[in-house]
Amino acid sequence: MASAAGADAAAPQAPLELTADNLAGVVDPLMDEWVGKHKGPGAVVVVVTRDGPLFAKGYGFSDIEAKKPFTADATLVRPGSISKLFTGIAVMQLVDKGRLDLDRDVNDYVDFAIPVPQGGVPVTLRRLLTHRAGFEEHAKDLFSRDREPQPLGPWLARSLPQRLFPNGDVEAYSNCGLALAGYIVERVSGEPYASYIQRHILDPLGMSHSTFRQPLPDDLKPLMAKGYRRSDQPPLPFFETITPAPAGALSATGEDMGRFVRALLNGGELDGVRILPKARLDDMMAPANATPAGYLGLVFFGTKVAGHDTIGHEGITMTFFSDLRIFPEQGIGVFVSRDGIGEIKNVTELPHPATAIARSFLPKATDGEDPGVASFPSEAKVAGIYQSSRRNESSFVRLSALLAQIVVKVDGEGHVRGFSAIWPFGDGTRWRRVERDLYQGSSGRLAFVDDGNSGSYLATPALRLQRVPRSLDARWIAPAFVASTVTVFLSLLAWPLAALWRYLRKKRWSEDSGERRNFLAVRLVTLVDAAVIGGVAVLFAKSSDYTIFNGALDPWLLALYAFAWLGVFGAVLTLWAVAGFWRHGTGGRWSRVHHTLIAASSVMIAWFFLTFHLAGTTLNY
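Here the structure is a predicted model, which is why all the values come from computation and not from measurement.

Engineer: Give a description of the packing of helix α5 (residues 152-159) against helix α6 (residues 175-189) that names residues and reports values.
Structural biologist: Look at α5 against α6: their axes get within 10 Å of each other, and the N-to-C directions meet at 140°. By the angle between their axes, α5 is oblique relative to α6. Between α5 and α6 lies a crossing of left-handed hand. Counted together, L152, G153, W155 and L156 of α5 and C176, A179, L180, G182 and Y183 of α6 form the full contact between these two elements.

Put into structure tokens, the structure is as follows:
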């Protein structure tokens, strides 16, 4: 009897019945803790099935000062990149009408030239929708404080990024790529993008509190949640205007997003209205670029949640963090949007209602998220340093790729752990090996791939983590640059004291006027280097406000470029001056050693300025 009782206790718990009350019992504690304990400002959670809505509830406040509650039916959120699903559907509507071809060179559809690099392949709509056009990351004018966004076509013509991967064989998530797809919809349909989406998707689905228009229409403006990061901090003092609107400009209520999810669950139809033939939607959701970590269809991402197959998309703006997730086998859809992140430092650490729902209401699945599944020792070949394929290499934005490098190690328990290459301390982020070359972490799956052509990499839908070449390895660049920077700033601090000491002793550093001029030149170069480093530090400290990257920054950026170029040429002057100090025995031995350290530091800093385009020329970044 005892054995039987033990077996019953160990048996997996049966899934809960999917009802509104049971959903509240699972979702409410999760969201209440985030709002109450972690200073989350506000959020909405919506759960639907093919047959209708099941659960729709807001948490916290949409306006904290006014104590205005967050609601599912009357609070607008910004779902961010979930907007790309609407762009993809718009493209497929025109494909279905024979007005667009997924595999045709998009130069045939636009009014500016998109170069095809030698040996590369043309940009097509299929490559845009699967993030294989190869565009590098772009930062300028993505977000704006302006009420009216810039016209999409001229902005794209002016801002089109270089193609970092022109062969069409590398996934590199791109906002500009989807903006280009949306502009093609605008050009071919003859309607402004926001108007096309309103007439052909939002209005047919009865999404009466949703729009791509910026600024918001007068009837929707009072419903917009203020943008917060934390409940104890003031909101953004402006509406987030998104220039590449097809990539992220949607505003909608939770209930409206529930209607959109139901249309997806029903093959493109809702309440007798069809926005896309089921076969076309199936094409969008089918794997295009697949790895064991998941797949990318035409815009849609396929991943696992608690061991169950899901299809959907995430979205992030400056203050909103959203996710749309469909469980196609079970016919369940979940939409979550959080206004702010609260005290939680990383969005991947946010407790996710979709995961809790899957674990509570769906049959138990064998998956790496299940702590009962045995882990296997990870293979040493996965270890190394990686950078994302979603990066910039042609402007100063390249520096952000250096800061984002990840060191992957295999720990003593056989798990894979990822560490920031800049600060590789602590426990890192853990991924458990669940099968050969497949790893499960709290934020998703990674697959180790070695295809023999492009080398080995870690894959996740729409992105690759690629090996970092030795010349760009942050593990040596960071300490070398920090040491050089410390040398520069300590020298600047020490020189006034040394000058005062020489004045009191009534002794010049050198009696030779030429050597004194070289001595002064070294100091000026050091001062220039310090000014550039300080300017870059201020720029990156403010970079969480994406709206600073606009035309108003251009004069300051040009000044930064000019000073950085002075630092580059000044490094040559410093080397020449220090060589003269040693050759002529100028100054004391320790003084010459000090100047040698300065020269070495200036050379390292000059290399850094050149490599990461701080000594740059472009205003398109």
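Engineer: Quick rundown of the sheet that holds strand β13 (residues 301-305)? Include the residues and the values.
Structural biologist: Spatially, β3-β2-β1-β16-β15-β14-β13-β12-β11 is the arrangement adopted by the nine strands of the open sheet, whose pairing is antiparallel. Across the chains shown, the open sheet's two edge strands, defined by having one partner strand only, are β3 (68-69) and β11 (289-291). With two bridges joining them, strand β2 (residues 53-63) and β3 adopt antiparallel strand pairing. Bridge pairing links D63 to K68 in β3. Running over the sheet, helix α9 (residues 254-265) touches β1 (42-49), β2, β15 (320-327) and β16 (332-339) and is turned about 30° from β1. Along the sheet face, helix α11 (residues 353-361) touches β1, β13, β14 (308-316), β15 and β16 and points at about 145° away from the line of β16.

Engineer: I'd like a description of the environment of R78, backed by residues and values.
Structural biologist: For R78, the location among the structural elements is in the loop between β4 (76-77) and α3 (83-96). Between the alpha carbons of R78 and D339 there is a distance of 8.6 Å; along the sequence they are 261 residues apart. Among all residues touching R78, those that are not within four sequence positions of it are Q214, M224, F239, E240, I242, G248, A249, L250, S251, T317, F320 and S322. Looking at R78, its side chain comes within polar contact range of the main-chain oxygen of L250, at 3.3 Å.

Engineer: I'd like a rundown of the pairing of strand β22 (residues 444-450), residues and numbers included.
Structural biologist: Counting buried positions over the seven residues of β22 gives five, a clear majority of the element. Where strand β21 (residues 438-441) lies against β22, four bridges are found, and the strand directions are antiparallel. Paired with Q440 across the bridge in β22 is R445. With antiparallel pairing between neighbouring strands as the criterion, β21 and β22 make up a hairpin whose turn holds two residues. Here β22 runs beside strand β23 (residues 456-460); their pairing, made up of four bridges, is antiparallel. Bridged to D450 within β23 is S456.

Engineer: Before we move on, could you go through the pairing of β1 and cite the residues and values that matter?
Structural biologist: Walk down a regular strand and you will see the side chains alternate between the two sheet faces. Across the eight residues of β1, eight count as buried, placing the element largely inside the fold. Side chains of β1 alternate between two faces, with G42, V44, V46 and V48 and A43, V45, V47 and T49 buried alike. Pairing between β1 and β16: eight bridges, direction antiparallel. In the sheet register, T49 faces β16, and the bridge partner there is I332. Here β1 runs beside β2; their pairing, made up of seven bridges, is antiparallel. Residue V46 lies in a different strand from β2, and its bridge partner there is A56. Linkage of β1 to β2, two consecutive antiparallel strands, is achieved through a turn of three residues.

Calculation criteria
Residues numbered from 1 in each chain as written. Predicted model: local features only at pLDDT ≥ 70, side-chain atom pairs only at ≥ 80, totals over all residues. Heavy atoms only, no water. Axes fitted to C-alpha atoms, helices over the stretch in contact; angles between N-to-C directions. Helix = DSSP H or I, 4+ residues; strand = E, 2+ residues; numbered from the N terminus. Parallel < 35°, antiparallel > 145°, perpendicular 65-115°, else oblique. Left-handed = near helix turned anticlockwise from the far one by under 90°. Contact = heavy atoms within 4.5 Å. Pairing = 2+ DSSP bridges. Polar contact = N/O pair within 3.5 Å; in protein donor to acceptor, adjacent residues only side chain to side chain. Buried < 20%, exposed > 50% of the residue type's maximum accessible area, 1.4 Å probe, protein only.

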